[in-house]
Amino acid sequence: MNNFNDRTKKMMFIMLGVIGIIVLIIIIALVVGKIMNRSLSYADIENKMSAAAKSYYSNRNNELPLNDSEEIEINLQTLVDNKLLKDVSKYQKDKNATCTGKVIVTKSGEYYNYSPYLDCGDKYTTTYFADELLKNVVNSGDGLYKFEQYEETKIKAANFIYRGEYPNNYVKFGNELWRVVKINSKHEAMLIESDYVFDTAIESPWDDRYNSDFKEYSGINVFYDSRIKQKLDSVYNGDTILTDNDKAKLVFKNACVNIRKSTDIKNDGSIECSKITNVPVKLSLLTTYDYINASLDNNCRAIVDKSCGNYNYLNKYDRSWWLLNTNIQSGYAASNYAYLMELPTSLFVRTVVVISKNVVYVSGSGTQTDPYIIK
């Protein structure tokens, strides 16, 4: 009788153990299933879209854009059909929303930018960086102003320019903070390094070669062949300021390089853009008319007017730095205001970049402590 009871107890323990294991497996399956099927933020879905597009083209290099700034698109359904992405309904929080989308691929040098665009109706729509900034155009005070300006195309068009002493135009790009200078007619944003950074700051003469016209080592004021252009190329080829991912977002532009006399008072780019570089440049410097237009002082007309340093956020930089345009034999530098400087002088190189219209806005209000974040 005791043996029977002992066997019964053992069987019960075994049965309980089996039941416990089954219950545990069910719980684990439910937890794993919940994790696997949890909803994602729309920003995370955008990231998945970009990653899927990269995978798609990894074996289709011949389908990628051939020329700089050339664009191609791939839609969501193609990525789903190729099993590189689940249907968005599997990821999204709001199951009632119907989403469509695409990934825009743009070439910049040897790099490709994969920019997502997701449209889920009134629940969510991807916002491009320029479109976010253009929500806050002003007519007075610090901020973003509409201007008719000549561009590198030598055609006058609507540009939007940040002006004043404290505009909210900070953006995190690469390993630094930058300031948005303006948005051009194509909705491409021009950025300039925000401040002097000891680890990455670079000094250079604008040019220090022998000038046969003046019979001295006074430098030659031809930007594309200048020493400072060489220095900018070294910045692009390095990795201290811009990562490969950042370089993929760049747009190469012809630079407006015509000389500007210190007495010139036209500030719409017609002077500087009457001569441009023969080929687009990767990185550049700030033009003289962009420096002038950043000031809200009505007395700022000519580049050497000291009043141009008033109400001008570009002066929030603690070193002297070169501008792009030159006079006949001298260059223009800026600190508290802009002034003529001999070209062989070593000053800081304050890099200017132009980023694609397809750069996506993530977050931020543009203040120094809450800069715009982009991807």
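Calculation rules
- Residues numbered from 1 in each chain as written.
- Predicted model: local features only at pLDDT ≥ 70, side-chain atom pairs only at ≥ 80, totals over all residues.
- Heavy atoms only, no water.
- Phe/Tyr/Trp six-rings, centres within 6.5 Å; stacked < 30°, edge-to-face > 60°.
- Helix = DSSP H or I, 4+ residues; strand = E, 2+ residues; numbered from the N terminus.
- Buried < 20%, exposed > 50% of the residue type's maximum accessible area, 1.4 Å probe, protein only.
- Lys NZ or Arg CZ within 6 Å of the ring centre and 35° of its normal.
- Disulfide = S-S within 2.5 Å.
- Contact = heavy atoms within 4.5 Å.
- Expected span 1.5 Å × (residues − 1).
- Arc of directions from axis to C-beta.
- Patch = residues over 30% accessible without salt bridge, like charges linked within 9 Å, V, L, I, M, F, W, Y side chains within 5 Å.
- Areas by Shrake-Rupley, 256 points an atom, 1.4 Å probe, with all protein chains shown as cover.
- Salt bridge = Lys/Arg side-chain N within 4 Å of Asp/Glu carboxyl O.
- Lys, Arg positive; Asp, Glu negative; His and termini not counted.
- Charge placed at Lys NZ, Arg CZ, Asp CG, Glu CD.
- Pairing = 2+ DSSP bridges.
- Axes fitted to C-alpha atoms, helices over the stretch in contact; angles between N-to-C directions.

Going through the model one piece at a time under the given rule, you end up with 12 aromatic pairs. For the pair Phe 173 and Trp 178, a centre-to-centre distance of 5.9 Å together with 75° between the ring planes defines the contact as edge-to-face. Taking the centre distance of 6.2 Å and the plane angle of 55° together, the rings of Trp 206 and Phe 223 count as tilted. In this pair, Trp 206 sits in the loop between β9 (203-205) and α5 (227-237) while Phe 223 sits in the loop between β9 and α5, placing the two residues 17 residues apart along the sequence. For the residue pair Trp 206 and Phe 223, the accessibility class agrees, reading buried in each case. The side chain of Lys 229 reaches across the aromatic face of Tyr 224, ending 4.5 Å from its centre. Taking NZ or CZ as reference, Lys 282 lies 5.5 Å from the ring centre of Tyr 236, over its face.

Moving on to the state of the cysteines. Applying the stated rule across the entire model yields three disulfides. The disulfide that involves Cys 99 links it to Cys 120, with 2.0 Å between the sulfurs. On the sign convention where negative is left-handed, the bridge of Cys 99 and Cys 120, at about 115° about the S-S bond, is right-handed. Here Cys 120 lies in the loop between β3 (111-119) and α4 (129-133) and Cys 99 lies in the loop between α3 (76-81) and β2 (100-108), a separation of 21 residues in the sequence. Both residues of the pair, Cys 99 and Cys 120, count as buried. Between the sulfur of Cys 256 and that of Cys 273 lies a disulfide, 2.1 Å long from S to S. In this structure the cystine formed by Cys 256 and Cys 273 twists about its S-S bond by roughly 85°; its chirality is therefore right-handed. Here Cys 256 is found in the loop between α6 (244-247) and α7 (288-293), whereas its partner Cys 273 is found in the loop between α6 and α7, with 17 residues between them in sequence. In this structure, Cys 256 and Cys 273 share a single accessibility class: buried. Here the cysteine-cysteine linkages of the protein are recorded as 1-2, 3-4, 5-6, numbering only bonded cysteines and doing so in sequence order.

Further remarks concern the side chain of Lys 229. When you line up the elements, Lys 229 lands in helix α5. Judged by relative accessible area, Lys 229 falls into the buried class, the value being 8%. When sequence neighbours within four positions are dropped, the list of residues in contact with Lys 229 reads Phe 223, Tyr 224 and Val 281.

Look at helix α2 (residues 42-58): 24 Å from first C-alpha to last across 17 residues, which is about the 24 Å you get at 1.5 Å a residue. For α2, the complete set of buried residues consists of Tyr 42, Ile 45, Glu 46, Met 49, Ser 50, Ala 52, Ala 53, Tyr 56 and Tyr 57. The buried residues of α2 occupy an angular sector of 165° when projected down its axis, which confines them to one face.

This brings us to a positive patch on the surface. A contiguous patch of positive charge on the surface is contributed by Lys 48, Lys 86, Lys 90 and Lys 95. Among the secondary structure elements, Lys 86 is positioned in the loop between α3 and β2. Residue classification places Lys 86 among the partly exposed residues on the basis of a relative accessible area of 42%.

The three strands lie next to each other as β1-β2-β3, forming an open sheet whose pairing is antiparallel. Each edge of the open sheet carries a strand with a single partner, namely β1 (71-75) and β3. Strand-to-strand twist in this sheet, taken as the mean axis angle between neighbours without regard to direction, amounts to 25°. The sheet contact formed by β1 and β2 spans five bridges and is antiparallel.

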